[in-house]
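Single-letter residue listing:
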Amino acid sequence: MTAAPEPVERPAGESEGSSRVAGGCVVALGISGLLAYAWVNPDFGTFVAGAASAVAVGKTRQWVAKRRQDAPEDTAPEAEPVDIVAVLQALGEGGNGVLLTALREAADLPDTKTVRTLLADADIRVRAGVRTPAGNGPGVHADDIPTPSPPTSSPSPTGCLCSSEAANANTNNARTDIVQDPDNPHHWLVKEHV
């Protein structure tokens, strides 16, 4: 077994606080001596200032790197953007208004402030008092809910739907030209093409 180290005895009247004060005095005297020498030799002062700046930048970078390692990483995935208008239209079917709380729950948003922001971005008015079967409160009135856009029609059939001149069997298909009347420049005449 090893013997426990014996405590160091301090002389009477000396404490830890006094040794810190003494150390601080030594550091202050050293700094004032360097400043006095830098005053006499400006090149030395520039060197010391550059070295002190380099040390400070290095320490700061170490501190920032340690803080980044210690900080918990935000592993929450980014939320997908919410189409607030589509959710509002789905909830507002049947001519009822929609409360902000119901809209928040349906869109899975964190709070009604976010709902208000999304509605403001979509230029949808929020009213203070909306009556719905679920209750009364701030929300979007049925009159303020935008109507859904009509479904897009199927594309037109492929191919040409125009008539062909060669297939025209009509006998009254004389070609005409539109010409200006030589007697009156404000009138135009339709003449048969020859």
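First, a word on what this report is: a plain description of the structure on this page. What you see is a predicted model, and the numbers here were worked out from it, not measured in a lab. (Residues numbered from 1 in each chain as written. Predicted model: local features only at pLDDT ≥ 70, side-chain atom pairs only at ≥ 80, totals over all residues. Heavy atoms only, no water.)

So, the packing of helix H3 (residues 84-91) against helix H4 (residues 100-107)
Here is step 1: At a closest axis distance of 10 Å, the pairing of H3 and H4 adopts a crossing angle of 115°. For the element pair H3 and H4, the recorded crossing hand is right-handed. From H3, Ile84, Val87, Leu88 and Leu91 reach across to H4, where they touch Ala102, Leu103, Ala106 and Ala107.
Here is step 2: Of the residues belonging to the contact of H3 with H4, the class tally is 8 nonpolar, no polar and no charged. (Axes fitted to C-alpha atoms, helices over the stretch in contact; angles between N-to-C directions. Helix = DSSP H or I, 4+ residues; strand = E, 2+ residues; numbered from the N terminus. Left-handed = near helix turned anticlockwise from the far one by under 90°. Contact = heavy atoms within 4.5 Å. Nonpolar A, V, L, I, M, F, W, Y, C, P; charged D, E, K, R; others polar.)

Points about the packing of aromatic side chains
Here is step 1: One pass over the full model with this rule turns up 1 aromatic pair.
Here is step 2: Residues Tyr37 and Phe44 carry aromatic rings whose centres are separated by 4.8 Å and whose planes lie at 75° to one another, so their mutual orientation is edge-to-face.
Here is step 3: By relative accessible area, which is 45% here, Tyr37 ends up partly exposed.
Here is step 4: Residue Phe44 is classed as partly exposed on the basis of its relative accessible area of 26%. (Phe/Tyr/Trp six-rings, centres within 6.5 Å; stacked < 30°, edge-to-face > 60°. Buried < 20%, exposed > 50% of the residue type's maximum accessible area, 1.4 Å probe, protein only.)

What to know about the nonpolar core
Here is step 1: Counting residues in each nonpolar core, the largest one holds 13 residues, and the members touching the most others are Ile84, Leu88, Leu103, Val115, Leu119 and Val140.
Here is step 2: When contributions to this core are tallied by element, the ones reaching two or more residues are H3, H4 and helix H5 (112-121).
Here is step 3: What Leu119 contacts, discounting residues up to four positions off in sequence, is Ile84, Leu88, Leu100, Leu103, Ile124, Val126 and Val140. (Core = buried A, V, L, I, M, F, W, Y, C linked by side-chain atoms within 4.5 Å.)

Notes on the sheet that holds strand S1 (residues 98-99)
Hydrogen bonds along the backbone pair up the strands of a sheet, which may run parallel or antiparallel.
Here is step 1: Strand order in this open sheet of 3 strands is S1-S3-S2, and the pairing throughout is antiparallel. Of all the strands in the sheet, just S1 and strand S2 (127-132) have a single pairing partner and so form its edges.
Here is step 2: Across 2 bridges, S1 lies against strand S3 (residues 135-140) in antiparallel orientation. Considered in S3, the bridge of Leu99 is made with Gly139. (Pairing = 2+ DSSP bridges.)

Notes on H4
Think of an α-helix as 3.6 residues a turn; residues three or four steps apart then line up on the same face.
Here is step 1: Of all the residues in H4, the buried ones are Leu100, Leu103 and Ala107. Taken end-on, H4 shows its buried residues confined to a sector of 60°, consistent with a single buried face.
Here is step 2: Note on H4: the residue one or two positions beyond its end, Asp108, has a positive phi of about 55°. (Arc of directions from axis to C-beta.)

Structural notes on unusual backbone geometry
Here is step 1: Unusually for a residue other than glycine, Asp108 sits at a positive phi of about 55°.
Here is step 2: The topology assignment puts Asp108 in the loop between H4 and H5.
Here is step 3: The phi dihedral of Asp123 is positive, around 60°, even though this residue is not glycine.
Here is step 4: Inspection of the secondary structure puts Asp123 in the loop between H5 and S2.

So, the side chain of Thr132
Here is step 1: In this structure, Thr132 sits in strand S2.
Here is step 2: Among all residues touching Thr132, those that are not within four sequence positions of it are Gly97, Val98 and Leu99.

Details of the pairing of S3
Here is step 1: Inspection of the sheet shows S2 paired to S3 by 4 bridges, in the antiparallel sense. Note on S3: the bridge partner recorded for Arg127 is Gly139.
Here is step 2: Connecting the antiparallel pair S2 and S3 is a turn made up of 2 residues.

Observations concerning the side chain of Asp181
Here is step 1: Looking at the element boundaries, Asp181 is found in the loop between strand S4 (176-180) and strand S5 (188-192).
Here is step 2: Owing to a relative accessible area of 16%, Asp181 belongs among the buried residues under this scheme.
Here is step 3: A polar side-chain atom of Asp181 sits 3.2 Å from the main-chain amide nitrogen of Asp183.
Here is step 4: Setting aside chain neighbours within four positions, we find Asp181 in contact with His187, Trp188 and Leu189. (Polar contact = N/O pair within 3.5 Å; in protein donor to acceptor, adjacent residues only side chain to side chain.)

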